[in-house]
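Structural description and commentary
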Amino acid sequence: MPTKGELWLRNRGEVNHDWLKNQFGTALRAHRNSFRGLVTSPSLGRESLRRLMAEWDSRSSEIEILISSFEDALSPSVLFLEEPLRSVGFRPEFERSLQTLVHDLWKRRLSLPELVSTAMEKLAEARICATRLQDSLESRKDLSQQVLDILTAFLGSIRSLSEALSTFPRKVEVL
Amino acid sequence: MSSIDPPLILVIDDLFGRVCKDGGNPERENLCGQFLLEDVSGDTAASTSRQKVLAPVARAVFWRGQTPARSGVGDSIENDLEGVITRTRKGWASSSIERWALVLVDLCFYTGLVTRESNARVKGMPEGRPDDDNPQRYFGLRVLQALQQELPDLPVAVLSSKSRDEVSREFSLLGAVGFVPRDIEDAPDVLQDFLWWHGLIEDGRGELVGRSKPLLRVLRAARRVAGTQRNVLIRGERGSGKELVARYINRTFSGKGLRPFVVVNSAILTPDLFASELFGIERGVATGVDARAGLLRAAHGGDLFLDEIRDMVPQAQAGILRVLEDRRVAPVGGSVAYPVEARFLSATNEDIEQLASSGAFRSDLLDRLREGGSIYLPRLRDRLEDIPLLTEHFVREAEAANPRAMRSEIDPDTIALLQSHDWPGNIRELKSVLFEAVADYPDVEHLVPVHIRLRHKGSSSDFQASQDLPAEDPSLDALLQKLMNFRIDQLSPESLAGRYSQIRAGFGGFMVRSLRAALEATRRSTVHAPEGEISIHAAARFLTGNESLTAHQAADLVKRIHAFSEGCDVDIAGDPILKEAVETALHLRPRNRKVSRD
């Protein structure tokens, strides 16, 4: 049975590495090159980009949950639930105070509030770009250049988001 | 590779290399769309794709690096290091097929079972095991290590969406030339830059023909210096293509626009002429003299190719050094100096450092001429694998230049013959031999060995010496002359001390080669062996000039030569003709091992 921390790390890998970078980002860049006239393919066009953006809507919610659940999942306070600390036999109130101390120190040394707020900001920026892109895709006018510009801006924003997600630690540790 | 084909790369990646059960790979299509790659993997994912990249940066073969390559729910995916090496070697070890210009390796390869859930996330991809995503245990690093050990001169780069920082030391230690992030905005430009700088790419124009590693390395070195304005020294034997390399550098500078390319034969820069030739001359300096800009000003904004710099007289050396320092030239008889911004591409086939240290060439000039480094051209005998392509190229060129010539098929035996020669005159000699063959036999459909006239055998120094001799077979004459002049008895005992084993090996080699030549010369066709049978009896008579030599005496002679050849550089056991001769001699009469006590 994986721990909360292991599950969070696995989810981040799936969302950030497997989906955001390898699938979504790659597909968006292929679409951009298609709009630039460098690639032709029946699977690259306005309609396929629209479908791709629908995927973003559901995945961006997952990313939001991922960011907000980091503190709970990766806090070193969980170490008190595992061996060897579990068997030490601390008095409950002492253990709670130790847990709080370890957690607060970890938060401070990691600058966790900044880490989380930066990631949330990047997500918000990406959502704004995504909405603009979806709006322009819905337009009936020929907005090729406009789509291209917004798509480029969106790619920049999801890259920043991906970088922000990568800055979260990759294991439970006492800092 | 034709002149328009982009370079060929190998991409080793679990996601982009896999084939889904339905035969496709949408992620690969998107990657090709992002990096502008033409998928030439030859699998169903490539053949079912309807995507077209209009101006591909590269042609890519994708390889999963895992088994099975085609996967769906229920399959267990395992990494396959041996398969990776085998596939990579296939496109690297032989120049009979196009070589990888660059290999890109992913870092994280997911293994384990393909479950319904993992398949729903990404078709054909497994769940993954905890260690797959551990930077210390990335399979991609193991691939890099194995490639470094097995194919050390292969250019390999990492292609990953993982963090570069986590593995930067590891991939450097494992010989990777760099890291291409997968999630970059200007992916095609970055890949193109990597190919330009690190890739082993053929000359797209087909002027420097071949795909042997030594030649591809020269082209890479030339591309690297092409983007700078620094002077370069090009070194190589006569006929190895130094001027072609200089032209390649000239035309690949920044890859855009034409730049002047001026060729100067250093031998024409005599003390009387060098100044007017190089710097130009004003009108009226002497009666009837017209103004001339000179070669240096003609090269302004481009490249000046100084061929065979060792032939340059000291006055010319001083003049060129001054131009390199001042970047200005004043024509003879003129008072105005003109700016000259030209790169000097110099060539030599000599040990120019030796000439500089002996004072025969200015060392300060040498330093300036090689400030951007030296490029060493391989000898043709060191890139014999290029002979099929070169032969095809020169034969077609000769046919195009000869209205009478038919298009001829090049016989494999002709290639074998050409590859057995050591080409002391390098590419120029090969070209000349093939042009001669086409000129002599324009009315045949097959170019076969009898059409080929090889002019000489032996080392390049024999070739040089033989060029001065008027005899019909110059290399043999030169060799005989050298042998007759070789007075070992006149050498001082000090100079021979401790070197008898080398001298003996030298003579042993000479005698074995003489025997081999005699065996070839006396070979006779028979009903059973139309290609000819060797005869040690005939060969021994031929060698000694003694027609009354018996078969047993011939066998003794062969055995003595065999015994004397110990330590020489001829591999008798590896040469079918010599091996047969020795075995025949031993069979005819066992060697008398008695030691005479006389």
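Sequence order sets the numbering: in each chain, residues are counted from 1 along the sequence as written. Naming scheme: in the order in which they are written, chains are lettered from A and ligands are numbered from 1. Owing to the predicted nature of the model, reporting of local features is limited to residues with pLDDT of at least 70; listing and counting of side-chain atom pairs is limited to 80 or more, with chain, interface and lining totals taken over all residues. Each side-chain value is worked out from all heavy atoms of the structure, with water and hydrogens disregarded.

We now examine the overall build of chain B. Under the scheme used here, helices are H or I runs from DSSP no shorter than 4 residues and strands are E runs no shorter than 2 residues, and both carry numbers assigned from the N terminus. Along chain B, the regular secondary structure elements total 25 helices and 21 strands. Here chain B holds 598 residues, and 46% of them are scored as buried. It only takes one pair of heavy atoms within 4.5 Å for two residues to be counted as in contact. Of all intrachain contacts in chain B linking residues separated by at least 6 positions in sequence, the fraction that spans at least 24 positions is 67%. Where accessible areas are quoted, they stem from the Shrake-Rupley method and a 1.4 Å probe; at the residue level, only the protein chains shown are allowed to cover. Split by element, the accessible area of chain B, about 29300 Å² in all, is 52% carbon and sulfur. Accessibility here uses a 1.4 Å probe with only protein chains present; expressed as a share of the type maximum, an area under 20% marks a residue as buried, one over 50% as exposed, and anything in between as partly exposed.

Angle between the axes and distance between the axes: these two values describe a pair of packed helices. Residue and element names in this part refer to chain A. Under this scheme, a helix contributes an axis fitted over its contacting stretch, all axes are lines through C-alpha atoms, and angles between N-to-C directions fall in the 0 to 180 degree range. Running from N to C, helix 2 (residues 46–74) and helix 5 (residues 144–166) point in directions that differ by 25°, and their axes come no closer than 13 Å. With respect to helix 5, the axis of helix 2 lies roughly parallel. When the axes of helix 2 and helix 5 are compared, the crossing they make is left-handed. Residues Arg46, Leu49, Met53, Trp56, Ile63, Leu66 and Ile67 of helix 2 form the contact with helix 5, whose participating residues are Ser144, Val147, Leu151, Phe154, Ile158, Leu161 and Leu165. Gly falls in the polar group here, along with every residue not listed as nonpolar (Ala, Val, Leu, Ile, Met, Phe, Trp, Tyr, Cys, Pro) or charged (Asp, Glu, Lys, Arg). Looking at the contact of helix 2 with helix 5 residue by residue, the class counts come to twelve nonpolar, one polar and one charged. Here is the rule for angles: anything less than 35 degrees is roughly parallel, anything more than 145 is roughly antiparallel, 65 through 115 is roughly perpendicular, and the remaining ranges are oblique. Crossing handedness: left-handed means the near helix sits turned counterclockwise from the far one by under a right angle, and right-handed means the same turn made clockwise.

What follows concerns the packing of aromatic side chains. The criterion for an aromatic pair is that two Phe, Tyr or Trp rings (for Trp, the six-membered ring) have centres within 6.5 Å, with stacked assigned to planes under 30 degrees apart, edge-to-face to planes over 60 apart and tilted to the rest. Enumeration over the complete set of coordinates arrives at 14 aromatic pairs over all chains. Ring centres of B:Phe171 and B:Phe179 lie 5.8 Å apart, and the angle between their planes is 35°; on these two criteria the pair is classed as tilted. Pair check on accessibility: B:Phe171 and B:Phe179 agree, each one buried. Ring-pair connections join several aromatic residues into one group, and the members of that group are A:Trp8, A:Phe70, A:Trp106 and A:Phe168. Note on geometry: a ring has a charge over it if NZ (lysine) or CZ (arginine) is within 6 Å of the ring centre and within 35 degrees of the ring normal. Between B:Arg87 and the ring centre of B:Trp63, over which it is positioned, the NZ or CZ distance is 5.7 Å. Seen from the ring of B:Tyr338, B:Arg297 lies directly overhead, with NZ or CZ sitting 3.5 Å from the centre.

What follows deals with the sheet that holds strand 10 (residues 112–113) of chain B. Residue and element names in this part refer to chain B. Only strands joined by at least two bridges in the DSSP assignment are considered to pair. Strands sit in the order 6-8-10 across an open sheet of three strands; the sheet is antiparallel. Every other strand in the sheet has two partners, leaving strand 6 (66–67) and strand 10 as the edge strands with one partner each. As paired elements, strand 8 (residues 76–79) and strand 10 share two bridges and run antiparallel to each other. Opposite Ser76, over in strand 10, you have Leu113 as the bridge partner.

Let us now look at unusual backbone geometry. Residue and element names in this part refer to chain B. In this model, Thr67 is joined to Pro68 through a cis peptide bond whose omega is -10°. The topology assignment puts Pro68 in the loop between strand 6 and strand 7 (70–71). At Asn426, a residue that is not glycine, the phi angle is positive and equals roughly 55°. Among the secondary structure elements, Asn426 is positioned in helix 18 (residues 426–440). Taking relative accessible area as the criterion, Asn426 reaches 0% and is therefore assigned buried.

On to a nonpolar patch on the surface, then. Patches draw on residues past 30% relative accessible area with no salt bridge. Two like charges within 9 Å are joined, as are two nonpolar side chains (Val, Leu, Ile, Met, Phe, Trp, Tyr) within 5 Å. The rule for a salt bridge is simple: a side-chain nitrogen of Lys or Arg has to be within 4 Å of a carboxyl oxygen of Asp or Glu. A cluster of nonpolar residues, B:Phe507, B:Phe510 and B:Met511, forms a patch on the protein surface that exposes about 220 Å² of accessible area. With respect to the secondary-structure elements, B:Phe510 resides in helix 22 (residues 500–521).

The subject of this paragraph is the side chain of B:Gln317. The topology assignment puts B:Gln317 in helix 13 (residues 314–326). By relative accessible area, B:Gln317 is classed as buried at 2%.

Residue and element names in this part refer to chain B. Between helix 24 (residues 551–564) and helix 25 (residues 576–588), the least distance of the axes is 9 Å, while the angle of their chain directions is 125°. Comparing the axis directions of helix 24 and helix 25 gives the class oblique. Crossing of helix 24 against helix 25: the hand is left-handed. Here Ala551, His552, Ala555, Val558, Lys559 and His562 of helix 24 lie close against helix 25, whose contacting residues are Ala581, Val582, Ala585, Leu586 and Leu588. Taken together, the residues of the contact of helix 24 with helix 25 break down into eight nonpolar, two polar and one charged.

What holds strands together in a sheet is hydrogen bonding between their backbones, with the strands either parallel or antiparallel. Residue and element names in this part refer to chain B. Strands sit in the order 14-15-18-13-19 across an open sheet of five strands; the sheet is parallel. Where the open sheet ends on each side, the last strands, each with one partner, are strand 14 (261–265) and strand 19 (374–376). Averaged over all adjacent pairs, the angle separating strand axes in this sheet is 20°, with direction ignored. In the sheet, strand 13 (residues 232–235) pairs with strand 19 via three bridges, with the strands oriented parallel.

Residue and element names in this part refer to chain B. Expected span, for any helix, means 1.5 Å times one less than how many residues it has. Compared with the 20 Å implied by 1.5 Å per residue over 14 residues, the 20 Å span of helix 9 (residues 213–226) between its first and last C-alpha is a close match. Taken residue by residue, helix 9 has Lys213, Leu215, Leu216, Val218, Leu219, Arg220, Ala222, Arg223, Val225 and Ala226 as its buried positions. Against the buried residues of helix 9 lie helix 8 (187–198), strand 13, helix 10 (242–252), strand 18 (343–348) and strand 19.

Proximity of charged atoms lets side chains of opposite charge pair with each other. All names here are of chain B. Throughout the structure, instances matching the rule amount to 54 salt bridges over all chains. With a closest N to O distance of 2.9 Å, Glu399 and Arg396 form a salt bridge. Of this pair, Glu399 and Arg396 both sit in helix 16 (residues 387–401), three residues apart, which is roughly one turn of that helix. Look at Glu399 and you get buried, because its relative accessible area is 10%. Two residues, Glu436 and Arg453, come together in a salt bridge whose shortest N-O distance is 3.2 Å. Here the residue Glu436 occupies a position in helix 18, and Arg453 occupies one in the loop between strand 21 (446–447) and helix 19 (460–466), the gap between them amounting to 17 residues. The structure contains a network of salt bridges with shared partners spanning Asp203, Arg205, Glu207 and Arg251.

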